[in-house]
Structures are given as structure tokens and as C-alpha cells.
Amino acid sequence: MTRAERVSRNLNRALHALFAADERAWLLGEDVADPYGGAFKVTQGLSTAYPDRVLSTPLSENGITGVAGGLALCGDTVIVEIMFGDFAGLAFDPILNLITKSVAMYGECTPMRVVIRCPVGGGRGYGATHSQSPQKHFIGIPHLALYELSPLHDAADVLAAALRRDEPAMLFEDKVLYTRRRYVDGRVDDRLAFELRGADGNWARVHDPDATGAPTLVIAPGGVADRAIAAATRAAERGRTVEVLVPARLYPVDVDGLRDLLDGAHGVIVAEESTAGGTWGSEVAARLHAEAWPLLRGPVELISSADRVIPSAPHLERTVLLGTEAILDRIMRLPAAVPVPRTDSSPAGPPPPDPTSAAPSGVPVDVPRLNPNDDSYVLLEWLVADGATVEAGEPVAAVETSKAIEELAATQAGVLRQDVAVGADCAPGAPIGRILPAPVPLPAVPAPVPLPAVPAPVPLPAVPAPVPPGRPLPPAQRRIADVVATSHREIPVAFTAVRVDVTAALAYARRAADETGAAVGLTEVVIAAVAALHERFPALYARLTDDGLILDAEAPSIGLTVDVGTGLFLPVIRDAAGLDLGDLADAVVALRMKALRGRLREEDMAGMNVLVALNDTPGVTVARPIIPPGVTCALSVPDVHREVVLDGDGGVRERTVADLGLAYDHRLVNGAQAGAYLAALGDALQR
């Protein structure tokens, strides 16, 4: 598959191509000029290449948009960048009363080539005034078209389609997309393909070519597309066929590219990040009901974010914004498709019950929805043995979410039957066991009349055993304790620390972040340097087998510590030397998010041959990491701090330093090797 560029780079390239082809193109916006290049670096390089036509403006969305309307009336092409889409409301007057009306209010059709770009959406922790999705407020304005960037459409094609109309347009860009890579070559992943359909390739259809059965169609724009695709993938694991339809143009709504897909579809769901009420989804539903009613099997369902102000705290923000779990829940709530061809145009109802089917006996022990952000939980332990008798309300199992460990109680008395093994993943709503009715005892046979018994001696009262003080160690912490105990018991550890000037490394990270659009920091630069040193220091990446043999690593697979509050996880970045800094940053973010959401699997934590332990709590200057069994070295990266030093000429300068510490298995690595390795690492970080 072709290596895809990031969405922000794709849009930047499209703007460069537009300015190269159109000598009357202007870009207006706050801080769009170099070296800043816009709040999200989308306009980088444009002011350098076209200094007379790329202008950073005062902080007035009303004024910026009014000037754009005047330039367009003179026949020019204008791209306006609203720094955050929330501020588009300040430009509502010139959009409603000048730019759009100018198309038709002078007695003839007047071209108004204006595209107003609006970064929108949450997921970045920017809070109530910088995270909204205001698309719905601009629907229905005559001569105003609405577009939305997606990872499935080329930004150059979207801009060209908007400008061909010779009418104003707004281009909404979900901020979570900027650092993500586009889907290319007609593939989303190994299972899912995509194709562009309709006029101007407006609709992207994501589907499984090998799937059978009537699909549920999920219509999702922009940044919601990835969430819908993730929900479709998980729904497929539960036996559902789901296709995701992603439009480039939101309004006017075009249903022509959907008609053949609607015929035979099991149901239609429109998912968007805005709040409910007067939404784009409502417009889509109205158009589908008006123009394609005979093809629909049921009402079009709408799903949006919660009707709340968007918080800044990530865990609260996730409870408000529309996520993968909510989309999946709506998909699974639709009745399962029945493979019976339709014979008329009336909507099909739910399938009749099958009288021959029978559920497993007993009352199920279901995993409830414990955390709205988790896709699955881990069954930590059964608290009651298989076949044991339990009482209603008695705890029978413990499951681990991304936030805590929860006990599940029996809903009625009976005999427990365990259907899921300890350590298995449990989907919310899925049964892990059953409570069977307790066996009814047989009628008692009358016992023979006993002979008079000899009185037994009266026993002394039993002395109750003392209850030890304290509380049990949580299961997650027990697992960590087992690893630490094994490490201390089996590995003869030595430790060396060096102070490294990381001023240049931090500057390099900032430049890489600007160039790639990825979240590059000191952690990623250190991981890249550790990966690059594998060939020079193979002993530090080797492992000692049970037979006492040294097994060298073919490539550096670097483990990373991720503390989620309820446990410490060590996900692995495989073949890290083959990744550039942008891809490396993406991999780190992806693994951290999987850990926080409780979605790490065994394969995500397998194959490590060196560990980078993050001990960067503010104020921590030196930390000695634990070496996991099977690994030879662990590098600690503590918090950075500033210090004042003398330069070669006797002058005083300030630098930023970090005290990197290396714990190593003394059976494979000696002190000289460790010192040489840390020196090489320090040199790499100071270049």
C-alpha cells in the first residue's frame, strides 16, 4: 500500500497547488503567515512562496470575512481561515448578508469564489469555546455550500469542487484528523476497502468486499468517519455487516450516490459530532425520506454528542462527545437482519421470533456497561468456584476496566456455571457465566428411631481466629508485584546514570512536530536514538535463554511504560528503527490510548528487547527502572530541568538537561559497555 501523507499535509499541498494555478488567489486569517503557519500548521510555506497574497490579519472574524467578500466581488479567489470554527459565529453577518446574497442580488449571477476554512470538533482538550461542531448553524443559507474534510477524500479535489460552483463555501476540518494519515489505494486496512461514488466522488463508501447479508449503513462525516469505521469493525466481530458512507459535501445533500446502496440496506444511521436538534443529520434524514422512501426498511436513525457544554478534562470530554462505543451501541440495537428478499416497498419490520430457538439454561451473569469509554474488559478472577452454590447479591467475578476493578454479583440464588476463562476479554453486555437453579433435594427417608445416646461432653467455646489487619492487594497491582519480584530474584542488576544536555533534542522535537504534524517530544526522540543504537550495541538488546545462551535481537522492539492509574503496562513498538519520528509519535499515541481505554492485547506487549521507562513526573531527576524478565536493559527518562553552566570561554549559559539512567543485566553487559552506550546516546541527543 502506498505510504499516505497526513491530512494536514494533504490540505497544505492542495493550497499550494491552488496558489500556483490561480494568480488571483488570496489567503486571509489570523497568524497564517510563516513561521507560525496557522494554529494547526496548515498554511506553512504559503506566505514565503506568495508573500503579497497571504496575509495575517487582525483578530476580527467579521472583518476578515467582510474583506474576503469585497475581494470576491472584484473577481478574486479568497481562502479564509477561521482559527477555530467556534468563532465562525462572529462572521455570521457577512456570510449571511454579504457573501452569499451577492451571488444573486445584483440582477445577474455574480461569481463569489470564497472558501471559509473552519477547524472544528473536540478530542483535543481545548474546552467549551474551542471544541464545537457548528456546521448545523449554516445549513439552509441560499448559495452557501458546506464541505467537510475526511481521511478518504483528497483535499485538492474537495477545494476544486467547492470553487467550481462559483458560490461561497465553508470547509469544516475536524482537528483530530490533522495528524492522521489518509486512506489511499482503495484500502482502509487488510479487511476494509473504499471507493468514491457520485458526482465529484462526493461519497466514500467503506465496506468489506467479502461480507454477505444486508448491511447497516452508517453515514458519518469528517472526523466521525474513523469512529464509525472502528464501530463497523467491531460490529463485524459480532456478526453484523456495516458499511460507512462519508460525504465530502454536507450541504446541499446529494443522495444520488446512495440510491443503489439504500436498496436492500438493513438500516440507516447518521452519526455526527454536533449536538442534537436542527442538525445536518436531520437534513439527511429528511432528504432520504423524501427521495428514497421506497428503498428504506425503517426510519433513519440519528446519533449526536450529548446536549452539554464540552469540558476540557479528557475523561469528561469523552462522556460528552460522540464516540465509537455510542455508534456501536446504536448499530447493535437494530434488530438483526433477516435474509428474506423484500417483495414490496413497505419498510420491513423486525424478524418474528423463532419458536425453535432456545437460550442456554439458567440466568446469565452479564458484564454491565461499567465505563462508557471501554470497548471491553478483562475477567480478572472468579470469586466463586464453578459449580458452587451462590446467594442473590453475592459477588461471583471481578473484571478490570481501564479505570478500576469491579465485582459482578449474582442476580439470584443458584449454582454458578463459568463460561469464560480468567484472563479473557469480555464485551459489555456479554454473558460470562450462568446461574442455574439449585437442585431440589429428594424427599427425606424417615430415619430409624435411634437408641438413647450417651450424653457427649460439653465442648469448650471456640476462640475465634484473629482477623489480620489491612486490605488485599488489587489484582492488577499483584501482577506488577509478580514481575518486580521475578526481576529482583533472577536478574543481577547494575545501574549507571549520566547527565545529558537535551536542549538540541527538544528543539529537534519541536521542528519535527511542526514538519510532521505529529505529537513529537523528547520521549520520541529518545526512542528513535535507542532504536538507532541497536546495531552498534547488540548485547544490550539480546536476551539470555533458559539454557544460558545469548540470543541476539534482529531488530529493536522497544517497550514503553504506560501508567493508567490502575496498573502499569508495557506496550511494544516493533522494529522502531524503521519508523520516522512522525510515525513513531503516532505509534506511541496509539499505544497509550489503547492502554487508557483498556484495549491492549497480549500481542501489543510481546517481543520487547529493550525498555524505555518514563519517570518524568515533575521534579524526578533520577530513577532506577525495573528490568522486565526476558530483557537485558531498561533506560529511564526522568523529568528535564534547567541548569547554569560555564561555556568554553568562561561565560555563563543555561541549558536543559536530563539524567538518563540505564539498568542492565550484569550477566550480559558490563559497566564499560553501559557507559559507552550512554555516551553514544548522549551524543545522539546533542546533535
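Just so it is clear, the structure is predicted and the values come from calculations on it, not from any experiment.

Cut-offs applied
Residues numbered from 1 in each chain as written. Predicted model: local features only at pLDDT ≥ 70, side-chain atom pairs only at ≥ 80, totals over all residues. Heavy atoms only, no water. Salt bridge = Lys/Arg side-chain N within 4 Å of Asp/Glu carboxyl O. Helix = DSSP H or I, 4+ residues; strand = E, 2+ residues; numbered from the N terminus. Axes fitted to C-alpha atoms, helices over the stretch in contact; angles between N-to-C directions. Parallel < 35°, antiparallel > 145°, perpendicular 65-115°, else oblique. Left-handed = near helix turned anticlockwise from the far one by under 90°. Contact = heavy atoms within 4.5 Å. Nonpolar A, V, L, I, M, F, W, Y, C, P; charged D, E, K, R; others polar. Pairing = 2+ DSSP bridges.

**Q** Hey, could you run me through the pattern of salt bridges in this one?
**A** Applying the stated criterion across every chain, the model contains 34 salt bridges. Arg 287 is paired through a salt bridge with Glu 291; the nearest N and O atoms lie 2.5 Å apart. With Arg 287 and Glu 291 both in helix H8 (residues 280-292) and four residues apart, the pair spans about one turn of that helix.

**Q** For this particular structure, what's the right way to read the packing of helix H13 (residues 522-532) against helix H14 (residues 581-596)?
**A** The packing of two helices is summarised by the inter-axis angle and the distance between the axes. In the contact formed by H13 and H14, the axes pass within 10 Å of each other and the chain directions differ by 115 degrees. Judged by the angle between their axes, H13 and H14 are roughly perpendicular. Handedness of the H13/H14 crossing: right-handed. Contacts between H13 and H14 involve Thr 523, Glu 524, Val 525, Ile 527 and Ala 528 from the first element and Leu 581, Leu 584, Ala 585, Val 588 and Arg 592 from the second. Residue composition of the contact of H13 with H14, grouped by class: seven nonpolar, one polar and two charged.

**Q** Looking at this structure, I do not really get the side chain of Asp 665. What am I missing?
**A** Locating Asp 665 in the fold gives a position in strand E32 (residues 652-665). The residues touching Asp 665, leaving out its near neighbours within four places in the chain, are Ile 491, Pro 492, Ile 627 and Thr 632.

**Q** In this structure, what is going on with the packing of helix H6 (residues 224-237) against helix H10 (residues 324-333)? I would like to understand it.
**A** Close contact between H6 and H10 brings their axes to 8 Å; oriented N to C, the two are set at 50 degrees. Relative to H10, H6 is oriented oblique. Note that H6 runs across H10; the crossing there is right-handed. Across the interface between the two elements, Val 224, Arg 227, Ala 228, Ala 230, Ala 231, Arg 234 and Ala 235 of H6 pack against Thr 324, Glu 325, Ile 327, Leu 328, Ile 331 and Met 332 of H10.

**Q** Which parts of the structure should I look at to understand the sheet that holds strand E4 (residues 114-120)?
**A** Two pairing modes exist for strands in a sheet, parallel and antiparallel, and in both the strands are linked by backbone hydrogen bonds. The strand order across the open sheet built from seven strands is E2-E1-E3-E4-E6-E5-E11, with neighbouring strands paired in mixed fashion. Two strands in the sheet have a free side with no partner beyond their single neighbour: strand E2 (54-56) and strand E11 (249-251). Neighbour to neighbour, the strand axes of the sheet diverge by 20 degrees on average, direction disregarded. Sheet topology note: the strand E1 (residues 25-29)/strand E3 (residues 77-81) ladder contains five bridges and is parallel. Among the inter-strand pairings, Trp 26 is bridged to a residue of E3, identified as Val 78.

**Q** Mind showing me how you'd approach the sheet that holds strand E19 (residues 414-418) here?
**A** Strand order in the open sheet formed by four strands is E14-E21-E19-E16, and the pairing between neighbours is antiparallel. Edge positions in the sheet fall to strand E14 (363-366) and strand E16 (389-390), since each of these pairs with one other strand and no more. Pairing geometry for E16 and E19, over two bridges, is antiparallel. Paired with Val 390 across the bridge in E19 is Gly 414.

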